[in-house]
Amino acid sequence: MGNSDRETMIGRPLRRLEDGRFLTGHGRYVDDVGAPGSLHGFVLRSPHAHAVIKAIDIAPAMALAGVRAAYTHADLAAAGLGDMPCMAAVTPLIVPPRPALARERVRHVGDPVAFVVADDPSLAREAAERIAVDYGILDAVVDGEAALAAGAPAIWAEAPGNLAFHVKRGDAGAVAEAFARAAHVVEVEVMNNRVVVAPLEPRAAIARHDAASDSFDLELTGQGLHGIRRQLAEFIFRMPPERIRLHAPDVGGGFGMKNFLYPEWILLLYAARALGQPVRWTADRGEEFVAGTQGRDIAARARLALDGSGRFLALDVAMVANLGAYLSGNGPGASVVAASTAQGGVYDIPAIAVDVRGALTNTVPVDAYRGAGKPEANYIVERCIEAAARQLGRDPADLRRQNLIAVFPHRTAMGMAIDSGGFVANLDAAVERADTAGFPARRRLAEAQGRLRGIGVACFLETSRGAPNEGAEVRVAADGSVTVAVGTESNGQGHETAFAQIAADRLGVAVSAVRYVQADTREVKSGAGHGGARSMHMGGAAVVKAIDATLAKARELAAHLLQASEDELVFADGRFVVRGSDRTVSLATLARSADDPANLPDGMTKGLGVHVMNMTDVFTFPSGCHVAEVEIDPETGAVELARYTAVDDYGRLINPLLTEGQVQGGVAQGIGQAMLEHTVYDPASGQLLSGSLMDYAMPRADDLPLFDIELVERPTAANPLGVKGSGQAGCIAAPQTVMAAILDALRAAGVEALDMPATPERVWQAIAKAGIAR
């Protein structure tokens, strides 16, 4: 450690350093960036879900003064631009061609058809609206299961039956054997509803091209910049990646959807090169509903086998993932790769089999959304357990307790090696903290007021890592300041604070002395970006290794300058001291000395800084137990979320304040999916019916109760910090917890099944149907 007398920085609930500029209007987003001489782009999008493009006439657009260009797919093809790739590690996989502008046919409402560039954004929009496109409308299909049915409209000749992949994982033989000897079998059908990803800041970018070096510069609101650059270089422009720079200023939220290559990034770069001027574009909210990737949309049928005592024997899952019209950059990864890691959740289930089919439909492409596969997997097993508890007449919490993994390390039936956890302790603490013993009295009070009250207890398991391997660089300057450059990227999580705390703690410098660098392919040597709750586990560990390597170099130099052996040196509070003497040298002095080769020992390179790669594919396993209580007005179907309790384990906490904020945000998003958010397409026309915030409900402050969250620290040995990752957990846990509470309340009205979102209309209809049936 770099601190001796001063208090450790790790574990302190510091307020976010970046909030000062955000709260005073000094945040710098793409739309704030000046680009003198820039032109403005606008994307003409398909109004139809499925249609042949018979003809496109751009002449009316080009007739307007101030319009510089109107591009169609023919222009991109003539320039030799390649199609957009899908990088998901799923095999076998059919990847239909996806150019940046539609070729011959459009396949979802919002599909890009033409790109107009003009002197101002209003003119670009007006010109685009003048382009005449002759469409031949075709039949559309928007539901994943319907798309795979016989006779469904064919979307791609390359994908017969609209099937992009069919993958089986687990041990089907062991599962069949377990079901054959099971005393009880429960079956559920659940729908993980499609959601619109709606960060505060829509997508935006500015593209520049330098003709002399034939190099690109793309400043964008994005995540995972090194990966996007690789795709642009390798698949689209076919040029060395060093000639493409991507960088992002402040990013106003992402939740996964800004991790990917989009057609607009290609169009902007192409136009900037063709016109010799910067070109910028900012999406409006309506565009984001039909052009930004969407999330979830997985239909599942699952069976759970139990023995006579209630022990789980096997889990059998069949899923259909609606992928949309194209395969987004990692679209199939969420339903196949990520979901498989979390199947079975926190439970000791000896055998699991998973069958996943990926369906192409006439909808917006689907990709990773906060949790990315883990919410879907956890939701399935938790809904199975609720059904089993009802069928067996067991208390749902007791049935869970009986089957929780209790001995570690534990290897799951899907091959995941869970090193540590306190699953039973989490459940017991949550049940006690939520005062479930007092629930019957609260239910009676609600019944006396003509309301239905229910309680739900559910657990979750996150498998945190995202992409394997991560890089970091640490540089000490002559003034004693420290630059930390990390390949993970923040879009609101507080990385400037958390990484500064790690560096300050280990180097013995002030937090204010740390400069955090991210999201710039010129300034950051490598990086796999944000996603999979990986920033502290992968990026934080890389920073620790870079600091250790920097201190090793500093120790060697200090020994040389102080004429002592390295073993004689003690490091604390930012300086090396020769044990038992007053000879000392600070990191700042060492940094100045390191810039002069005359001061260096033989073989040492200039500068006090090191870039390292944290080469690891190890997962961590955040976990917890959540408890929700709801009250329902049976006359209107309105659901009030009355109480919400969580006991979660994220390993060692770098900053408990930031961690709790992440959990609260994730829980709010999970509640939104469970109770409000619903992406609705018209099954006949393929039109998006929930195409704006007038029709698509998102959670507001008055939809949420005060959260009661306890964070339990059980460090992992998977990384030197002991962290497990907290960015996604809230929305992995909340959906099944809230739905369990709603179904518990509705049981008194005879309702046994209900899919998300539990809107007042759906709840009222379920109550009415149950009343008629009875």
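Rules and cut-offs
Residues numbered from 1 in each chain as written. Predicted model: local features only at pLDDT ≥ 70, side-chain atom pairs only at ≥ 80, totals over all residues. Heavy atoms only, no water. Helix = DSSP H or I, 4+ residues; strand = E, 2+ residues; numbered from the N terminus. Buried < 20%, exposed > 50% of the residue type's maximum accessible area, 1.4 Å probe, protein only. Contact = heavy atoms within 4.5 Å. Areas by Shrake-Rupley, 256 points an atom, 1.4 Å probe, with all protein chains shown as cover. Pairing = 2+ DSSP bridges. 1 Å grid on protein atoms, 1.4 Å probe; cavity = no way out; pocket = protein on both sides within 12 Å on 5 of 7 lines; lining within 4 Å. Points joined across faces, edges and corners; volume = space filled by probe spheres on them. Axes fitted to C-alpha atoms, helices over the stretch in contact; angles between N-to-C directions. Parallel < 35°, antiparallel > 145°, perpendicular 65-115°, else oblique. Left-handed = near helix turned anticlockwise from the far one by under 90°. Nonpolar A, V, L, I, M, F, W, Y, C, P; charged D, E, K, R; others polar. Lys, Arg positive; Asp, Glu negative; His and termini not counted. Salt bridge = Lys/Arg side-chain N within 4 Å of Asp/Glu carboxyl O. Polar contact = N/O pair within 3.5 Å; in protein donor to acceptor, adjacent residues only side chain to side chain. Phe/Tyr/Trp six-rings, centres within 6.5 Å; stacked < 30°, edge-to-face > 60°. Lys NZ or Arg CZ within 6 Å of the ring centre and 35° of its normal.

(A) Structural view of the overall build of the protein. When helices and strands are tallied, the protein shows 20 helices and 30 strands. If one aligns the C-alpha atoms of the protein with their principal axes, the spans along those axes are about 90 × 75 × 50 Å. Buried residues in the protein amount to 60% of all 774 residues. Long-range contacts, defined here as pairs at least 24 residues apart, represent 80% of the contacts in the protein between residues at least 6 apart. Per element, the accessible surface of the protein, about 28200 Å² overall, is 52% carbon and sulfur.

(B) Examining the pairing of strand E27 (residues 608-614) more closely. Side chains Leu608, Val610, Val612 and Asn614 of E27 all project onto a buried face; the interleaved residues Gly609, His611 and Met613 project onto a face where none is buried. Here strand E21 (residues 470-476) runs beside E27; their pairing, made up of 7 bridges, is antiparallel. Note on E27: the bridge partner recorded for Arg475 is Gly609.

(C) Inspection of empty space enclosed by the protein at higher detail. Using the criterion set out here, one finds 7 cavities of 30 Å³ or more in the structure. The computed volume of the largest cavity comes to approximately 320 Å³. Along the wall of the largest cavity there are 22 residues; nearest its centre are Met536, Thr659, Gln662, Ser726 and Gly727. Put simply, the parts of the chain that give the lining of the largest cavity at least two residues each are helix H15 (495-507), helix H16 (535-562) and helix H18 (656-675). Looking at which element gives the most residues to the lining of the largest cavity, the answer is H18, with 3 residues.

(D) A look at the packing of helix H10 (residues 331-342) against helix H11 (residues 374-392). The contact between H10 and H11 brings their axes to 7 Å, and the two run at 50°. Considered as vectors, H10 and H11 are oriented oblique to each other. As for the relative orientation of H10 and H11, their crossing is right-handed in sense. On H11, the residues that touch Ala338, Ala339, Thr341 and Ala342 of H10 are Lys374, Ala377 and Asn378. Among the residues making up the contact of H10 with H11, the classes are represented as 4 nonpolar, 2 polar and 1 charged.

(E) Molecular detail of the sheet that holds strand E28 (residues 623-632). One open sheet accounts for 4 strands, arranged E20-E28-E29-E30; its pairing is mixed. The strands lining the two open edges of the sheet, one partner per strand, are strand E20 (452-461) and strand E30 (707-712). This sheet shows a mean twist of 10° between the axes of neighbouring strands, independent of strand direction. Alignment of E28 against strand E29 (residues 639-649), held across 10 bridges, turns out to be antiparallel. In the strand pairing of E29, Ala628 is matched with Tyr644. Contacts between helix H19 (residues 729-746) and the sheet are confined to E20, E28 and E29, with E20 contributing the most and set at about 150° to the helix.

(F) Layout of the side chain of Arg229. For Arg229, the location among the structural elements is in helix H7 (residues 225-236). Summary of buried charges: Arg229 has no salt-bridge partner, and the nearest side chain of opposite charge, Glu242, is 5.7 Å away. Among the polar contacts listed, one links the side chain of Arg229 to the backbone oxygen of Pro241, at a separation of 3.4 Å.

(G) Up close: the layout of surface pockets. The space that makes up the second largest pocket amounts to roughly 480 Å³. Looking at the second largest pocket, it is lined by 28 residues, and the ones nearest its centre are Arg21, Asp250, Glu496, Tyr516 and Gln518. At the level of secondary structure, the elements contributing two or more residues to the lining of the second largest pocket comprise helix H1 (19-23), H15 and strand E23 (514-517).

(H) Local environment of the pattern of salt bridges. Throughout the structure, instances matching the rule amount to 50 salt bridges. With its nearest N and O atoms 2.7 Å apart, the salt bridge here joins Arg451 to Glu631. Here Arg451 is found in the loop between helix H14 (439-448) and E20, whereas its partner Glu631 is found in strand E28, with 180 residues between them in sequence.

(I) Just the packing of aromatic side chains, in detail. For the structure shown, the criterion picks out 12 aromatic pairs. Taking the centre distance of 5.5 Å and the plane angle of 65° together, the rings of Trp156 and Tyr326 count as edge-to-face. Of the two residues, Trp156 sits in the loop between helix H5 (144-148) and strand E7 (163-170) while Tyr326 sits in the loop between strand E16 (312-324) and H10, which places them 170 residues apart along the sequence. One exposure class covers both Trp156 and Tyr326, and it is buried. What links up through ring pairs into an aromatic cluster is the set Tyr262, Trp265 and Trp281. The side chain of Arg203 reaches across the aromatic face of Tyr262, ending 4.1 Å from its centre. The lysine or arginine in question, Arg303, covers the ring of Phe179, its NZ or CZ lying 4.0 Å from the ring centre.

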